[in-house]
Amino acid sequence: MKNNSNKKYLVDYKIIKNSKIANKTYELILSGPTDWIKPGRFINLQIPNKYLKRPMSICEWDKSKLKIIYKVYGEGTKILTTIKPGNYLQCLIDLGNYYILNKTAKEQLVVGCGSGIGSVYSLLKELKNNKIKTTCILGFKTKSDVFYLDKIKKLVNKVIICTDDGSIGFKGNPIEAMKKYNLLNHYFYTCGPIGMMRNLAKATKSNGQFSLEARMGCGYGCCMGCTILTKNGPRRICKEGPVFRSEQILWEEI
């Protein structure tokens, strides 16, 4: 994976929109510099009255705005839902590496679960722009959690929705769907809960790229708090990641 800049910046981004789009799921649009963004990179948001910034994947962007999808998991993200448009958030930008397109595999697979769908959404746009045939598996707990379905259908050849309770789409998890629809041999990209990605790594017969999520102290590699052990030695998710090639990861160490 590539990271072309060692510069890090603190920038105040203006909130343009902060609205609920599904169960405990919000779309946040910020105005500010976007020339550093590539699919898979992330931004660190300073939430009022919280010491540590929150790392969040960037879903979409244009020349002046970026979009983030976040879920309410704890007190910090709950506070974030209350901040109105017009206010500013201090952000640490130019963070992380990014997905690298495989230009040789004719049919490719993208697997996103929950807020991890935000990470792979911009990747889906890039795959479409490169005319790569893509199947996308979206994993949710239940129907009320579903978002961006119509938008993603426009970007891929096939969408498979999975829900734990079967309230919409395939009843089961993305790994079970991969087995059912014979997708275990596809080159893949994925982001979501660590358990899902670990099971995907065990089941797949192909290579791919994992975007790992982690609690981060600093977000730019100084504190070493998000370090994992890989086949190439210790690597920081915020600096050498968050995107890692499947052959790099030692899942038994995570």
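Here the structure is shown first, and the text comes after it.
This section reports on the structure supplied with the text. These numbers were taken from a predicted model, which means no experiment stands behind them.

## Digging into the overall build of the protein chain
Line of reasoning, step 1. Across its full length, the protein chain carries five helices and 16 strands.
Line of reasoning, step 2. Relative to the 2.2 N^0.38 estimate, which gives 18 Å for 254 residues, the radius of gyration of the protein chain is 17 Å and therefore close to what a compact globule would have.
Line of reasoning, step 3. Overall, the protein chain is about 45 × 40 × 35 Å in size when its C-alpha atoms are taken along their principal axes.
Line of reasoning, step 4. Counting across all 254 residues of the protein chain, residues that qualify as buried make up 53%.
Line of reasoning, step 5. Of all intrachain contacts in the protein chain linking residues separated by at least 6 positions in sequence, the fraction that spans at least 24 positions is 61%.

## Topic: the sheet that holds strand E13 (residues 208–211)
Line of reasoning, step 1. Read from one edge of the open sheet, seven strands run E11-E10-E9-E8-E12-E13-E16, paired in mixed fashion. Every other strand in the sheet has two partners, leaving strand E11 (170–171) and strand E16 (243–245) as the edge strands with one partner each.
Line of reasoning, step 2. Note: strand E8 (residues 107–113) against strand E9 (residues 133–140), seven bridges, orientation parallel. Bridging from a neighbouring strand, Val111 pairs with Ile137 of E9.
Line of reasoning, step 3. This element, helix H5 (residues 194–203), spans E8, strand E12 (187–191) and E13 of the sheet and lies at about 165° to E12.

## Describing the nonpolar core
Line of reasoning, step 1. Core analysis: the largest hydrophobic core is formed by 30 residues, its most contacted members being Ile137, Met178, Leu200, Phe210 and Leu212.
Line of reasoning, step 2. Secondary-structure elements contributing two or more residues to this core are strand E7 (88–95), E8, strand E10 (158–163), helix H4 (174–180) and H5.
Line of reasoning, step 3. Looking at this core, the element that brings in the most residues is H5, giving four residues.
Line of reasoning, step 4. Sequence-distant contacts of Ile137, that is, excluding residues within four places in its chain, are made with Leu109, Val110, Val111, Gly112, Ile160, Cys162, Pro174, Ala177, Met178 and Leu183.
Line of reasoning, step 5. Core analysis: the next-biggest nonpolar cluster, separate from the first, contains 28 residues, Ala22, Leu123, Ile132 and Tyr187 among them.

## Some points on the sheet that holds strand E2 (residues 25–31)
Line of reasoning, step 1. Read from one edge to the other, the open sheet built from seven strands follows the order E4-E3-E7-E1-E2-E6-E5, with strand pairing classed as antiparallel. The two strands at the open ends of the sheet, each matched to only one other strand, are strand E4 (54–57) and strand E5 (60–61).

## Digging into the environment of Tyr26
Line of reasoning, step 1. Secondary-structure assignment places Tyr26 in strand E2.
Line of reasoning, step 2. Sequence separation between Tyr26 and Pro55 is 29 residues, and the spatial gap between their C-alpha atoms is 15 Å.
Line of reasoning, step 3. Dropping the residues within four chain positions of it, Tyr26 is found in contact with Asn18, Ser19, Lys20, Ile21, Ile68, Ile69, Tyr70, Val72 and Thr81.

Procedures and definitions
Residues numbered from 1 in each chain as written. Predicted model: local features only at pLDDT ≥ 70, side-chain atom pairs only at ≥ 80, totals over all residues. Heavy atoms only, no water. Helix = DSSP H or I, 4+ residues; strand = E, 2+ residues; numbered from the N terminus. Rg over C-alpha atoms; globule rule 2.2 N^0.38 Å. Buried < 20%, exposed > 50% of the residue type's maximum accessible area, 1.4 Å probe, protein only. Contact = heavy atoms within 4.5 Å. Pairing = 2+ DSSP bridges. Axes fitted to C-alpha atoms, helices over the stretch in contact; angles between N-to-C directions. Core = buried A, V, L, I, M, F, W, Y, C linked by side-chain atoms within 4.5 Å.

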